[in-house]
Amino acid sequence: MRALTWSMRFAIAISAVFALAALAAGGLSYVLQSEEMARRLQDEVRADAQSLALAVQDGDMQDLRDQIAARVAVTQDGAGLVVFLPADGGPALGNARIATPFEGVRHLIPGAGLTLLAPADQTAPLQNPPDGYVAYGMQLTAGWLMTARDDAWQREQTEILLSSFGWGLGLALLLSTGFAIFIARRTEARIRRMESVLEAVGAGHHALRIRDAGEDDVARLAQSVDRALDQLEAGIDAIRQVSTDVAHDLRAPLARLRLRLEPVALDATLPPEARQEIGSALADLDQISGTFDAILRLSRMQAGMVEITPASVDLVEMCRRVHDMMQASAEDAGHALLLDLPAQARIEGDAGLLTQALVNLVDNAIRHCPPPAQITIEVHRAAGRVALSVCDTGPGIPAAELGRVRERFMRLDRSRHTPGNGLGLSLVDVIATLHHAQFTLANMDKGLCATLDFASASL
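Residues numbered from 1 in each chain as written. Predicted model: local features only at pLDDT ≥ 70, side-chain atom pairs only at ≥ 80, totals over all residues. Heavy atoms only, no water.

What follows deals with the overall build of the protein chain. The secondary structure content of the protein chain amounts to eight helices and 15 strands. The proportion of buried residues among the 459 residues of the protein chain is 37%. Residue pairs at least 24 apart in sequence account for 65% of intrachain contacts in the protein chain once pairs closer than 6 positions are excluded. When the accessible surface of the protein chain is summed, it comes to about 26,000 Å², and 58% of that surface belongs to carbon and sulfur atoms. (Helix = DSSP H or I, 4+ residues; strand = E, 2+ residues; numbered from the N terminus. Buried < 20%, exposed > 50% of the residue type's maximum accessible area, 1.4 Å probe, protein only. Contact = heavy atoms within 4.5 Å. Areas by Shrake-Rupley, 256 points an atom, 1.4 Å probe, with all protein chains shown as cover.)

Now the structure itself:
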């Protein structure tokens, strides 16, 4: 299971903080509103009791009896209670019976010291009474007066409040979490784009850019990276141009120098030691000229000055020709050059450039594999694709260098003791690009495989 990214963890943390804040705010609101509803109900029953108490201030009990009877008459469902217990022990008045009189606010429950009477005769218990009451009692000179209201309204309002808060919190949490995850995934995608571009640039595709058109911090970072990549590409292009200019300017002087040395080397009067030195100098001049030719050829390809006219190329026949041409060199180096070919495999491309790419790959394997090694030229066909590979049983390439060996003059032998100019794989990479093929280098269990994968093939 893939670990959560930082952006996703941040989104979840923001959602959790929002949920906790909403819960705290909702809980505080619930407590305050519940207290307010309870206070309002208490004030109402207190006001009822105090208004009834005014009727007996002058000692007229008949007025109190009439008001209590009127209250009982209009309250048929037990929603409101009124009880008067005379101090002289006379019969109690009202639509309920309270076992123990009290002063102040109380919460009463039917059956626990409170009996509700039916409105018909005020003697039988009330059927289906409310669950609870908020009551207020006060002691008068003439006795105890208590009024009560059922708390169903308070409970209903509390349930509505909790339900509304729950739905609101759930919806808000769902929306905030969804939005946070959307932003996190969008940021992840932008960061992955940045990473992929940087990896591609590190692999040699210096023209790629992130091109994030946003206005946030990630976009500003991407734009800064793009500016740095512009400067990097400009520096690389300048170095390439310098190498190209040097190669172009020195070709003619080197050719003239070779023409001047050749007659001297053929002079019969020249001592053997001098002739050997001049021969070595001529060989060095040939290597330098070959390097300059490769630089110019690579520069023209990378600048788009080399155009190919696609034609049908028989890869099997091309591989046989290269095998015949390179077999002697491979045997001289102590290697075995083998073929693994199908009956037929054709692609559209430039035969000369493809031959050069294959020769470079085989020559690279011959020079860098310790003898004895087995080098195999392979062609495979599958699902409309053709793959041309050169695989060897040598030491391979260190994983850290796989992405850099295609660069100009990049050589694993940093001491430059082995022959070569570090341009072979660069030429192969450019030829693959010209043919819209994918050039890959992969270390196998033993050795290295260099593969050109052609998407469009004629089988």
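Having seen it, we continue.
Bringing the side chain of S389 into the picture now. Tracing the backbone shows S389 in strand β12 (residues 385-392). Here the side chain of S389 touches T451 through a polar contact of 2.9 Å, side chain to side chain. In contact with S389, other than residues within four places in its own chain, are T376, I377, E378, A450 and T451. (Polar contact = N/O pair within 3.5 Å; in protein donor to acceptor, adjacent residues only side chain to side chain.)

Let's shift gears to the sheet that holds strand β13 (residues 437-443). The mixed open sheet is built from five strands, whose spatial order is β9-β11-β12-β14-β13. Either end of the sheet is taken by a strand with one partner, and the two such strands are β9 (336-340) and β13. Strand-to-strand, the axes of this sheet are offset by a mean angle of 15°, without reference to chain direction. Across five bridges, β9 lies against strand β11 (residues 374-382) in parallel orientation. Bridging across to β11, L338 finds its partner in T376. Sitting on the sheet, helix α6 (residues 315-332) touches β9, β11 and β12, and the angle it makes with β9 is about 170°. Of the strands in this sheet, β9, β11, β12, β13 and β14 (448-454) touch helix α7 (residues 351-368), which is tilted by about 25° from β12. (Pairing = 2+ DSSP bridges. Axes fitted to C-alpha atoms, helices over the stretch in contact; angles between N-to-C directions.)

As a further point, take a nonpolar patch on the surface. On the surface, L171, L174 and L175 cluster together to form a nonpolar patch covering roughly 340 Å² of accessible area. Within the element layout of this structure, L175 appears in helix α3 (residues 152-202). Note on L175: relative accessible area 56%, which makes it exposed. (Patch = residues over 30% accessible without salt bridge, like charges linked within 9 Å, V, L, I, M, F, W, Y side chains within 5 Å. Salt bridge = Lys/Arg side-chain N within 4 Å of Asp/Glu carboxyl O.)

With that out of the way, let us pick up the state of the cysteines. Evaluation of the coordinates by the stated rule reveals one disulfide. Between C391 and C449 runs a disulfide, and the two sulfur atoms are separated by 1.8 Å. Judged by the sign of its S-S torsion, about 110°, the cystine formed by C391 and C449 is right-handed. Remark: C449 occurs in strand β14 and C391 occurs in strand β12; sequence separation between them is 58 residues. Accessibility assignment for this pair places C391 and C449 in one class, buried. (Disulfide = S-S within 2.5 Å.)

A word on the environment of D226. Among the secondary structure elements, D226 is positioned in helix α4 (residues 217-265). C-alpha of D226 to C-alpha of I210: the two residues are 16 residues apart in sequence and 6.4 Å apart in space. Sequence-distant contacts of D226, defined by excluding residues within four places in its chain, comprise R209, I210 and R211.

Next up on the list: the packing of α6 against α7. Relative orientation of the contacting elements α6 and α7 amounts to 30°, with a least axis distance of 10 Å. Looking at the two axes, α6 sits roughly parallel to α7. α7 is crossed by α6, and the crossing has right-handed handedness. From α6, M318, C319, R321, V322, M325, M326, S329 and A330 reach across to α7, where they touch A351, L354, T355, L358, V359, V362, D363 and I366. Taken together, the residues of the contact of α6 with α7 break down into twelve nonpolar, two polar and two charged. (Parallel < 35°, antiparallel > 145°, perpendicular 65-115°, else oblique. Left-handed = near helix turned anticlockwise from the far one by under 90°. Nonpolar A, V, L, I, M, F, W, Y, C, P; charged D, E, K, R; others polar.)

Turning next to unusual backbone geometry. A cis amide bond, omega -5°, links P371 with the succeeding residue P372. Within the secondary structure, P372 is located in the loop between α7 and β11. In the Ramachandran plot, R211 falls in the positive-phi region, its phi being about 55° despite a non-glycine side chain. Looking at the element boundaries, R211 is found in the loop between α3 and α4. For R211, a relative accessible area of 64% corresponds to the exposed category. Within the chain, H436 stands out as a residue other than glycine whose phi angle is a positive 55°.

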